[in-house]
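Coordinates in review
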Amino acid sequence: CAALQPDPPEMRPIPCVPRSGRLPASMPRALLLVLGLGLSFFEPRGASAFAPSAAFSGVLKQPRAWASRRAPPRMCLGEKPPGQDSDAEGADPPVAAGGEDEGGPFKGVLDFVLQPVTMPLAASVGSVFAGSLVMTLSIGFVLVHWAFSPPSPGGTALGGTPPPGIVQEQARQTTLSQKSVLFEEILRDISDAYVDKVNPEKLFETGVRAMLGSLDPYTEFENEEGNENLEITIMGGYGGVGLGVSEDWRITEKGQERDPTRFRVANAMEGYAYDAGLRPGDHLTAVDGKELSGKKIEDVTQLLRGKPGSPVTVSFQRDGDVKGDQRSAKLTRQVVRLRDVPLALMLEPQGDGIGYIVLRGFAADAGKEVKAALEVLKAQAPGGQLKSVILDMRGNPGGLLTQAVEVAEQFLPKGATIVGTEGRNGPLGGYTSGTDPTVGPDTRVVVLTDGFTASAAEIVTGAIQDHDRGVVVGERTFGKGLVQEVLGLPFKSSLKFTVARYLTPSGRCIQSTEYTSDGREKVKVADKTSDKTGAADKNADKGADKDLDADADDSDGAYRATRIKDQDRKVFKTDKGRIVRSGGGVEPDVPIRPEEATEIEFQLEDQNAFTNFAASYALKHPDVINERTMWKDSDIVNDQVYEEFMAFVSDKPNSGFERRTRFDSAIDQIGGALVADGFSTEVQAEAGKLKSMVQKQLGEDLLRHKRAISVAVEDALRQRVEPEKIRLAHRINHDRVLNRAVKLASSPEYAELLQAGRTIAIPDKPSQVEAPSVRTALNSDRTSSVE
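For every chain, the first residue of the written sequence is number 1, and numbering continues from 1 along that sequence. Whole-chain, interface and lining totals are the exception, using all residues; otherwise, since this is a predicted model, local features are given only for residues with pLDDT of at least 70 and side-chain atom pairs are given and counted only at 80 or more. No hydrogens and no water enter the side-chain calculation; it runs on all heavy atoms of the structure.

1. Here's the deal with the overall build of the protein chain
A count of helices and strands for the protein chain gives 23 helices and 24 strands. Within the span of the protein chain, comprising 787 residues, buried residues form 42% of the whole. We call two residues contacting when some pair of their heavy atoms lies within 4.5 Å. Contacts in the protein chain between residues at least 24 apart in sequence constitute 72% of all its contacts with a sequence separation of at least 6. Summed over all atoms, the accessible surface of the protein chain reaches about 40,900 Å², with 55% contributed by carbon and sulfur. Secondary structure follows DSSP: runs of H or I at least 4 residues long count as helices, runs of E at least 2 residues long count as strands, and numbering of each begins at the N terminus. Per-residue accessibility, obtained with a 1.4 Å probe over protein chains only, is compared with the maximum for each type, and a residue is labelled buried under 20%, exposed over 50%, and partly exposed between these values. Working definition of accessibility: Shrake-Rupley area with a 1.4 Å probe, residue cover restricted to the visible protein chains.

Shown next as structure tokens:
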């Protein structure tokens, strides 16, 4: 079969595709003419007057049966030839499976010529030789006729072109094979003959990642290490000790510097490393006697992880210990479960019957965890009646599609549509709720979202909103409406690639960004979904356009990302007729814009000022910061503690904190460029004054943003001694978004927001926006890992 293809590939066969009965188009017609004339003068091999051929004896006995059978199928590379056993009576040629009764390209000629000629001739003469001669003449006539006849464009028993789909598939397979061979040859040549020694594995991964990087940010190749981390994210568990580890640092006269001799404990999980005595802020120095000096995060990961049940000894130091002293903890590796629901509790006052659930992700057990949390809250509620439940999915990046369905099933009625999927060639199917909900329609549902609520979390949010099952409070979600599939590859690697877009029950796709690359047609996701109303949203807020402006960069072959503009979004309706829109994420019913983090907050977090102060304060005040005291309602940070914090960050030799900004280097470059272009030094001096003014502003911002900074200091102090659940429970006291949701859950406003005809959109006037809420979380650039 591969021999029939132009430029057959060298690495793998091309699937064999029938050609509608036509002889190979690549064979010269002159050769067929010679073959036809030759058959006209020679009888079949083995035929004689005394020994008729087995094939022709079959014609004499069953002429129509032989003529109606299909010729043997062509053989593809790697395929065994079909068997051809025969007996004295003449075995039937192998029949191709799955086809109709075509009889091969000579069926019509054989029926017309052989039957009226060979049967009387054989009967009268009594010789098989005459019939055999007639058959060879007939076949020769057919081939001569075919050689001089133009091909039939429509595709008949004797000719015709292959269907366009088959031609395109053959061309695609040929291109893929050729490019695969080229890639291997280039990799081999560079590896063998490049002027400097190269790493073939690194070259391969660079090439593959560049190729996938031209599509979208979610299509990725995972090597063995990345595949292991991906499996942990998907399955929500691994064999280890439950430690979050980050790079460590030390304070010197020059400020804060990286300490390459040890690693810092960023988090100790309750039930695992926390129970063994390790605490956030401890400094790991060795694992099973192996010093960690000079090692990377990945090395520490491999040392701490391992087969469940195996022992491991961790050596560490704690702030305040005598220099050189070592502590040790003996742990047993376990299957560490990364819980998607770290907190579920009844909010005060208990009589209101309001439950609160934090959902961080959608790993393999997310649905079970949410269901279990709801059952516990129902049991704790007064009279077993949970009046309201607040589902907090702020910062939830998503996860498994199946788990999004299971979580949504806990709130939606049986049979309700949860999500649909749409692939390259159209709809792929959808998911509906297959069970009765854990909480009935009498339980109010409030969903908390922010700009980091994405993917599976948006599926749950969109389903609840489209079915008018609950109210969404917070910020517009991220807007990731793409579905990825993970395929296992050889050598413990995997491929994660985008296979579909998902649609909420109303039919909208909430994807906020279009991704395009060279050779691929641009697709407007917002327009691709059907518009149930058939009209644009005339009331769409134009103030959101600035958040959806195009931000594209297609340099270096990377994909081009374009934010969907507000005017491109389509209008859809919920079950009750409320107006919602596609593209741009899920918009909240009660929008609350966050208070933007200031530069002083960013610098305090980036320079570890909160963590360093917590360590210093714990040493000075062991009567306050200790494991015997748990604070749930009252705050540690008061005016006196905050003054100590301000004094600490002002003392650079002790804190390592320096008043700098992300704009200092830019200011210096501007001053230098002005002098280089001939401006006076006075102009450069003015640029220096600007830098001093900015740094002075940082000091003033410590007082101006005292409330927000105090919350961060409080959390850092509690992290030294409290398990995560207790710390999270205290944090909600300062959560203004949650406080707004609590008031909404028990007020008439909840029902008003679900009335038909309402338009769900972010207001374009700041005066219509709720008071600022908790500040956007600051993510440190330091590398960290969970072991």
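2. Digging into the sheet that holds strand β11 (residues 354-358)
When DSSP finds two or more bridges between a pair of strands, those strands are recorded as paired. Taking strand neighbours across the sheet as the criterion, the 6 strands line up as β10-β11-β12-β15-β16-β23 in an open arrangement whose pairing is mixed. This sheet does not close on itself; its edge strands, each paired only once, are β10 (343-346) and β23 (590-591). Pairing analysis gives 5 bridges linking strand β12 (residues 388-392) to strand β15 (residues 444-449), with the strands arranged parallel. Bridging across to β15, L391 finds its partner in V447. To define axes, lines are fitted to C-alpha atoms, for helices over the stretch in contact only, and angles between the resulting N-to-C directions are given on a 0 to 180 degree scale. Across the sheet, helix α12 (residues 456-466) touches β12, β15 and β16 (471-474), and the angle it forms with β15 is around 140 degrees.

3. Details of the pairing of strand β7 (residues 311-317)
Within β7, 5 of the 7 residues are buried, which leaves it mostly tucked inside the rest of the structure. Pairing analysis gives 6 bridges linking β7 to strand β8 (residues 327-332), with the strands arranged antiparallel. Counted as the bridge partner of P311 is T332 from β8.

4. What to know about unusual backbone geometry
Phi is positive for S455, close to 55 degrees, though the residue is something other than glycine. Locating S455 in the fold gives a position in the loop between β15 and α12. S455 sits in the buried class, given a relative accessible area of 10%. One non-glycine residue, D468, lies in positive phi territory at about 55 degrees. Within the secondary structure, D468 is located in the loop between α12 and β16.

5. Here we look at the nonpolar core
Counting residues in hydrophobic clusters, the biggest one holds 40 residues, and the most contacted among them are F362 and F411. Elements that contribute at least two residues to this core include exactly α10 (366-380), β12, α11 (401-409), β13 (417-423), β15, α12 and β18 (493-503). Among residues more than four places away in sequence, those in contact with F411 are V370, L374, V389, L391, P437, V439, V445, I464 and R469. Grouped together as the second largest cluster of nonpolar side chains are 25 residues, L345, Y356, L738 and A745 included. To qualify as a nonpolar core, a set must consist of buried Ala, Val, Leu, Ile, Met, Phe, Trp, Tyr and Cys residues joined through side-chain atoms within 4.5 Å.

6. Regarding the packing of aromatic side chains
Any Phe, Tyr or Trp ring, taking Trp's six-membered ring, that has another such ring centre within 6.5 Å forms a pair; planes under 30 degrees apart are called stacked, those over 60 apart edge-to-face, and the others tilted. Summed over the entire model, instances satisfying the criterion amount to 8 aromatic pairs. With 5.9 Å between their ring centres and 90 degrees between their planes, F204 and F221 make a pair best called edge-to-face. In this pair, F204 sits in helix α7 (residues 200-212) while F221 sits in strand β1 (residues 220-222), placing the two residues 17 residues apart along the sequence. Given a relative accessible area of 10%, F221 falls into the buried group. Ring geometry for F613 against Y617: centres 5.6 Å apart, planes inclined by 40 degrees, an arrangement best described as tilted. With F613 and Y617 both in helix α15 (residues 609-620) and 4 residues apart, this pair spans about one turn of that helix. For Y617, a relative accessible area of 5% translates into the label buried. Members of the aromatic cluster, connected to one another through ring pairs, are F610, F613, Y617, Y642, F645 and F648. Whether a charge lies above a ring is judged from NZ of Lys or CZ of Arg, which has to be within 6 Å of the ring centre and within 35 degrees of the ring normal. If you follow R258 out to its NZ or CZ, it ends over the ring of F263, 5.5 Å from the centre.

7. Things to note about the packing of helix α6 (residues 164-193) against α7
In contact at an axis separation of 10 Å, α6 and α7 are set at 145 degrees when each is read in the N-to-C sense. Handedness of the α6/α7 crossing: right-handed. Contacts from F183, L187, I190 and S191 of α6 reach α7 at P200, L203 and F204. Just so you know the grouping, Ala, Val, Leu, Ile, Met, Phe, Trp, Tyr, Cys and Pro go in nonpolar, Asp, Glu, Lys and Arg go in charged, and all remaining residues, Gly too, go in polar. Split into classes, the residues belonging to the contact of α6 with α7 amount to 6 nonpolar, 1 polar and no charged. Two helices that cross are described as forming a left-handed crossing if the nearer one is turned anticlockwise from the farther one by less than a right angle, and a right-handed crossing if clockwise.

8. Considerations on the packing of helix α18 (residues 664-676) against helix α19 (residues 681-704)
Axis separation between α18 and α19 bottoms out at 8 Å; the angle between their running directions is 170 degrees. In terms of orientation, α18 lies roughly antiparallel with respect to α19. Within the contact between the two elements, α18 uses D664, I667, D668, G671, G672, L674 and V675 and α19 uses V683, Q684, A687, L690, K691 and Q695. Within the contact of α18 with α19, the residues separate by chemical class into 6 nonpolar, 4 polar and 3 charged. Angles are sorted into four bins: roughly parallel if under 35 degrees, roughly antiparallel if over 145, roughly perpendicular if 65 to 115, and oblique for all others.

9. Let's talk about the confidence of the model for the protein chain
Confidence of the predictor at the level of single residues is given by pLDDT, which spans 0 to 100. For the protein chain, per-residue confidence averages 76 on the pLDDT scale, and 70% of positions sit at 70 or higher. The low-confidence segment residues 763-786 (pLDDT under 50) makes 67 contacts with residues lying over four places distant or belonging to another chain.

10. Quick word on a nonpolar patch on the surface
Residues qualify for a patch when their relative accessible area is over 30% and they have no salt bridge, like charges being joined within 9 Å and the nonpolar side chains of Val, Leu, Ile, Met, Phe, Trp and Tyr within 5 Å. Any Lys or Arg side-chain nitrogen located within 4 Å of an Asp or Glu carboxyl oxygen qualifies as a salt bridge. A contiguous nonpolar patch, built from L182, I186, I190, Y194, V195 and L203 and spanning about 560 Å² of accessible area, is present on the exposed surface. At 3 residues, α6 tops the list of elements feeding residues into the nonpolar patch. Note that V195 resides in the loop between α6 and α7. Given a relative accessible area of 71%, V195 falls into the exposed group.

11. As for α10
With 15 residues, α10 ought to run about 21 Å at 1.5 Å a step, and its terminal C-alpha atoms sit 21 Å apart, in line with that. Buried residues of α10: A366, G367, E369, V370, A373, L374 and L377, and no others. One side of α10 carries all its buried residues, which in axial view fall inside an arc of 165 degrees. More than 90 degrees from the buried face of α10, the exposed residues found are K368 and A379. One fewer than the residue count of a helix, multiplied by 1.5 Å, yields its expected span. This arc is taken over the directions from the axis of the helix to the C-beta atoms.

12. A closer look at the pattern of salt bridges
Inspection of every chain in the model, using the stated rule, returns 39 salt bridges. Among the salt bridges present, the one from E247 reaches R258, with a minimum N-O distance of 3.6 Å. One end of the pair, E247, is in strand β3 (residues 243-252); the other, R258, is in strand β4 (residues 255-268), and 11 residues separate them in sequence. Using a relative accessible area of 32% as the deciding quantity, one classes R258 as partly exposed. A salt bridge links R250 to D259, with the nearest nitrogen and oxygen atoms 3.2 Å apart. Residue R250 is classed as partly exposed on the basis of its relative accessible area of 35%. The network of salt bridges with common partners includes D248, R250, D259, R262 and R264.

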